[in-house]
Amino acid sequence: MTSTGRRVVYPGSFDPVTNGHLDMVCRACQIFDRVTVAVSENRAKNPLFSIDERLEMLNIVLAPVIKSGQVEVDTFDGLLVDYCRKKGAVAVARGLRALSDFEYEFQMALMNRHLAPELETVFMMSDEKYTYLSSTLLKDVVRLGGDVARFVPAAIATRIHRKLTSA
Ligand code: PNS
């Protein structure tokens with residue numbers, strides 16, 4: 001990936017990546033020249049997948065856009081704003097699904113603005129068919145034997161099954 005153009009960082013836990021996340025990456029690609037999908041360890045959320053596994057899954061499902069040079073996948077530790085500065089990003093991209101996301105996102109955006117006034121947060125809405133989709137809900141549905149084919153690429157569904165049945 002070259003260092004030219006306007007870069008956005010799309011951060012998250014991605015535990016695991018869903019079609020909603022992929023939809024967001026596509027939308028970010030329409031607006032920004034470079035998109036960095038940044039995976040946070042987020043131990044507080046007690047993730048199902050290790051950070052390496054989450055990174056690997058993102059690399060698999062985003063392979064075509066990574067190959068094109070517009071998207072990269074990375075991990076970060078510490079403050080998001082420090083990572084964004086290091087990457088030379090002009091903005092942070094976050095998805096908004098329902099009103100319930102708003103308060104948390106609003107707090108984060110304003111705290112990040114306090115920490116780095118030059119960094120903008122851009123909210124995007126994924127396709128409405130993913131409005132009620134979350135990685136947490138997805139894991140629950142798989143755990144209870146439901147079908148998630150519509151919400152994750154097949155390779156990811158297989159990994160969730162494998163992970164939950166090997167636990
Ligand atoms: O997918 P998630 O779990 O909603 O992503 C949350 C994430 C990783 C974006 C957020 O927890 C974060 O930015 N963590 C990094 C630590 C940080 O900068 N905290 C202060 C932000 S207000």
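Definitions and cut-offs
- Residues numbered from 1 in each chain as written.
- Predicted model: local features only at pLDDT ≥ 70, side-chain atom pairs only at ≥ 80, totals over all residues.
- Heavy atoms only, no water.
- Pairing = 2+ DSSP bridges.
- Helix = DSSP H or I, 4+ residues; strand = E, 2+ residues; numbered from the N terminus.
- Axes fitted to C-alpha atoms, helices over the stretch in contact; angles between N-to-C directions.
- Contact = heavy atoms within 4.5 Å.
- Phe/Tyr/Trp six-rings, centres within 6.5 Å; stacked < 30°, edge-to-face > 60°.
- Buried < 20%, exposed > 50% of the residue type's maximum accessible area, 1.4 Å probe, protein only.
- Core = buried A, V, L, I, M, F, W, Y, C linked by side-chain atoms within 4.5 Å.
- Near = heavy atom within 4 Å.
- Polar contact = N/O pair within 3.5 Å; in protein donor to acceptor, adjacent residues only side chain to side chain.
- Areas by Shrake-Rupley, 256 points an atom, 1.4 Å probe, with all protein chains shown as cover.
- Nonpolar A, V, L, I, M, F, W, Y, C, P; charged D, E, K, R; others polar.
- Patch = residues over 30% accessible without salt bridge, like charges linked within 9 Å, V, L, I, M, F, W, Y side chains within 5 Å.
- Salt bridge = Lys/Arg side-chain N within 4 Å of Asp/Glu carboxyl O.

1. Digging into the sheet that holds strand β2 (residues 34-40)
Across the sheet, five strands lie side by side as β3-β2-β1-β4-β5; this open sheet has parallel pairing. In this open sheet, the two strands that pair with only one neighbour each are β3 (71-76) and β5 (120-124). This sheet shows a mean twist of 30 degrees between the axes of neighbouring strands, independent of strand direction. Two strands pair when backbone bridges link them, and strand β4 (residues 91-95) and β5 are joined in this way by five bridges, in the parallel orientation. The partner of Ala93 across the bridge, within β5, is Val122. In the packing of helix α5 (residues 99-115) onto the sheet, the strands contacted are β4 and β5, and the crossing angle to β4 comes to about 175 degrees.

2. Structural notes on the packing of aromatic side chains
Applying the stated criterion across every chain yields a total of four aromatic pairs. Between Tyr10 and Phe14 the ring centres are 5.3 Å apart and the planes differ by 80 degrees, which places this aromatic pair in the edge-to-face class. Residue classification places Tyr10 among the buried positions, given a relative accessible area of 5%. Ring geometry for Phe102 against Phe106: centres 5.2 Å apart, planes inclined by 25 degrees, an arrangement best described as stacked. Here the residue Phe102 and the residue Phe106 both occupy positions in helix α5, the gap between them amounting to four residues, near one helical turn.

3. Some remarks on the nonpolar core
Val37, Leu58 and Leu62 are the most contacted members of the largest nonpolar core, which has 35 residues in total. Of all elements in the fold, only β1 (7-12), α1 (19-31), β2, α2 (51-61), β3, β4, α6 (135-143) and α7 (154-166) reach the threshold of two or more residues within this core. Considering each element in turn, this core owes the most residues, five residues, to α1. Discounting chain neighbours no more than four positions away, the residues touching Leu58 are Phe14, Val17, Val37, Val39, Ile66 and Val73. Within the second largest apolar cluster, 11 residues are counted, among which are Phe76, Leu80, Val92 and Leu119.

4. Examining the side chain of Lys139
Here Lys139 shows up in helix α6. What Lys139 contacts, discounting residues up to four positions off in sequence, is Asp15, Pro16, Leu48, Ile160 and Leu164.

5. Re the site of the ligand
Near the ligand lie 15 residues; those nearest to it are Ser13, Asn42, Lys45, Leu80 and Arg94. For the ligand, an oxygen atom lies 2.6 Å from a polar atom in the side chain of Ser13. Within the backbone of Leu80, an N or O atom sits 2.8 Å from an oxygen atom of the ligand. Alone, the ligand offers 550 Å² of accessible surface; in the complex the protein occludes 78% of this. Breaking the shell around the ligand down by element, the ones donating at least two residues are β1 and α5. For the shell around the ligand, the element with the most residues is α5, which contributes four residues. Its residues assigned to classes, the shell around the ligand shows seven nonpolar, six polar and two charged.

6. Comments concerning a nonpolar patch on the surface
Residues Leu99, Phe102, Phe106 and Leu110 make up a contiguous nonpolar surface patch of roughly 430 Å² in combined accessible area. Structurally, Leu110 is set in helix α5. Accessibility expressed as a relative area gives 41% for Leu110, which makes it partly exposed.

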